[in-house]
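Chain residues, written in single-letter form:
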Amino acid sequence: MKENTEKNYPYLNNIEESFKSKAAYLLNRKMILYHLQKLMKTFDYNDIVFYQCLFFMDYVFSQKVNHEFSEKEIIYYLIGYFLCSAKMKLIDASEPPLEYFVKIKQNTFFSIKQIAQYEVECLKSINYNIFSYSAYDWIMQLISIGIVFDCEIDSKNQIIMLNGHRHTIINSINKYILKMLLNLTLKNIFLKYSPAQIAFSLIQIAREKFLEPNLI
């Protein structure tokens, strides 16, 4: 993942500098999130598609958008990246019918022909590369490997009480990481850091919250 990211998205190593030049995108990000959430609800896709599409919007599309882009044009790109994300991440899922997108925004009509054209444009913008990883991808991969060592858990902290219910400390850490990710996603500062930086930082914060300092 690290090698693919450095090869295909080398500018993520200096993300704070590029953050300063994204004023046009940041003005539209709340609108983008609203329509992306609407698409997710329409197709009932899981978070891996949401964060992949947002990765493309936040780190690829934001590099090219300017104040001359209309809201409709931005939504065309969003649909294009959404289609790319769904096809990349959900191998067994059926392809979303393009006619489902024509009225994604009230009182606005989106052409099926143009939707197909923008999807191709989006594919070109990522060089047809399927190896791109959102903060969600990094977190889930790290969680699957393991983010807590055996020596950091003992009989006293293996099970903890939250809101009167018993939970394993591992599940509590994992859920807290994803909760923090969701909260951070809605803020523009999310773009100031690379997906890997966000993932490792949230994991560290969650570890420090639930693990005993003398065991870490």
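Since the model is a prediction, treat every value here as computed from it, not as a measurement. (Residues numbered from 1 in each chain as written. Predicted model: local features only at pLDDT ≥ 70, side-chain atom pairs only at ≥ 80, totals over all residues. Heavy atoms only, no water.)

**A short note on the overall build of the protein chain**
Phase 1 of the analysis: In terms of regular secondary structure, the protein chain is built from nine helices and two strands.
Phase 2 of the analysis: In terms of principal-axis extent, the alpha carbons of the protein chain reach across some 60 × 35 × 30 Å.
Phase 3 of the analysis: With 216 residues in all, the protein chain has 47% of them scored as buried.
Phase 4 of the analysis: A sequence separation of at least 24 residues applies to 78% of the contacts in the protein chain between residues at least 6 apart. (Helix = DSSP H or I, 4+ residues; strand = E, 2+ residues; numbered from the N terminus. Buried < 20%, exposed > 50% of the residue type's maximum accessible area, 1.4 Å probe, protein only. Contact = heavy atoms within 4.5 Å.)

**Remarks on helix 3 (residues 23-43)**
Phase 1 of the analysis: Look at helix 3: 30 Å from first C-alpha to last across 21 residues, which is about the 30 Å you get at 1.5 Å a residue.
Phase 2 of the analysis: R29 marks the point of greatest bend in helix 3, at about 45°. (Expected span 1.5 Å × (residues − 1). Bend = angle between axes of the 7 residues up to and from the residue.)

**Some words on the nonpolar core**
Most often, soluble globular proteins keep nonpolar side chains buried together rather than apart.
Phase 1 of the analysis: One finds F61, Y81, F82, F101, I173 and L181 to be the most contacted residues of the largest nonpolar core, which totals 71 residues.
Phase 2 of the analysis: Among the elements of the structure, helix 2 (15-19), helix 3, helix 4 (47-59), helix 5 (71-89), helix 6 (112-125), helix 7 (135-145), helix 8 (169-185) and helix 9 (195-210) are those that each provide at least two residues to this core.
Phase 3 of the analysis: Top element by residues in this core is helix 5. It accounts for twelve residues.
Phase 4 of the analysis: The contacts of L181, once residues within four sequence positions are left out, are Y51, A135, Y136, I139, F190, I198 and L202. (Core = buried A, V, L, I, M, F, W, Y, C linked by side-chain atoms within 4.5 Å.)

**Comments concerning the pattern of salt bridges**
For side chains of opposite charge, pairing can occur when their charged atoms come near one another.
Phase 1 of the analysis: Summed over all chains, the structure comprises seven salt bridges.
Phase 2 of the analysis: Among the ionic pairs, E121 bridges to K64, the shortest N-O distance being 3.5 Å. Note that E121 is positioned in helix 6 and K64 in the loop between helix 4 and helix 5, a separation of 57 residues in sequence.
Phase 3 of the analysis: For K64, a relative accessible area of 31% gives the class partly exposed.
Phase 4 of the analysis: Residue K105 pairs with E71 through a salt bridge whose shortest N-O separation is 2.9 Å. Of this pair, K105 sits in the loop between helix 5 and helix 6 while E71 is found in helix 5, placing the two residues 34 residues apart along the sequence.
Phase 5 of the analysis: Relative accessible area serves as the criterion here: at 25%, K105 is assigned to the partly exposed category.
Phase 6 of the analysis: Taking relative accessible area as the criterion, E71 reaches 33% and is therefore assigned partly exposed. (Salt bridge = Lys/Arg side-chain N within 4 Å of Asp/Glu carboxyl O.)

**Quick look at the packing of helix 7 against helix 9**
Phase 1 of the analysis: Where helix 7 meets helix 9, the closest approach of the two axes is 8 Å, and the angle between their N-to-C directions is 45°. Viewed along their axes, helix 7 and helix 9 adopt a mutual orientation that is oblique. Taken as a pair, helix 7 and helix 9 cross one another with a handedness that is right-handed. The residues of helix 9 that touch helix 7, namely those facing A135, W138, I139 and L142, are P195, A196, I198, A199, F200, L202 and I203.
Phase 2 of the analysis: Taken together, the residues that form the contact of helix 7 with helix 9 break down as eleven nonpolar, no polar and no charged. (Axes fitted to C-alpha atoms, helices over the stretch in contact; angles between N-to-C directions. Parallel < 35°, antiparallel > 145°, perpendicular 65-115°, else oblique. Left-handed = near helix turned anticlockwise from the far one by under 90°. Nonpolar A, V, L, I, M, F, W, Y, C, P; charged D, E, K, R; others polar.)

**Regarding the packing of aromatic side chains**
Phase 1 of the analysis: Taken as a whole, this structure holds 22 aromatic pairs when the rule is applied.
Phase 2 of the analysis: Centroid distance Y51 to Y136: 5.5 Å. Interplanar angle 0°. Geometry classified as stacked. Here Y136 lies in helix 7 and Y51 lies in helix 4, a separation of 85 residues in the sequence. The residues Y51 and Y136 share a single accessibility class, namely buried.
Phase 3 of the analysis: One aromatic cluster is present, built from ring pairs that chain together Y25, F61, F69, Y76, Y77, F110 and Y118.
Phase 4 of the analysis: Over the face of the ring belonging to F210 we find K209, whose NZ or CZ atom lies 5.7 Å from the ring centre. (Phe/Tyr/Trp six-rings, centres within 6.5 Å; stacked < 30°, edge-to-face > 60°. Lys NZ or Arg CZ within 6 Å of the ring centre and 35° of its normal.)

**As for the packing of helix 5 against helix 6**
Phase 1 of the analysis: Orientation of helix 5 relative to helix 6, taken along the N-to-C sense of each, is 70°, at an axis distance of 8 Å. The orientation of helix 5 relative to helix 6 falls into the category roughly perpendicular. For helix 5 against helix 6, the interelement crossing comes out right-handed. Packed against helix 5, whose contacting residues are E73, Y76, Y77, I79, G80, Y81, L83, C84, K87 and M88, the element helix 6 presents Q114, I115, Y118, E119, E121, C122, L123 and S125 at the interface.

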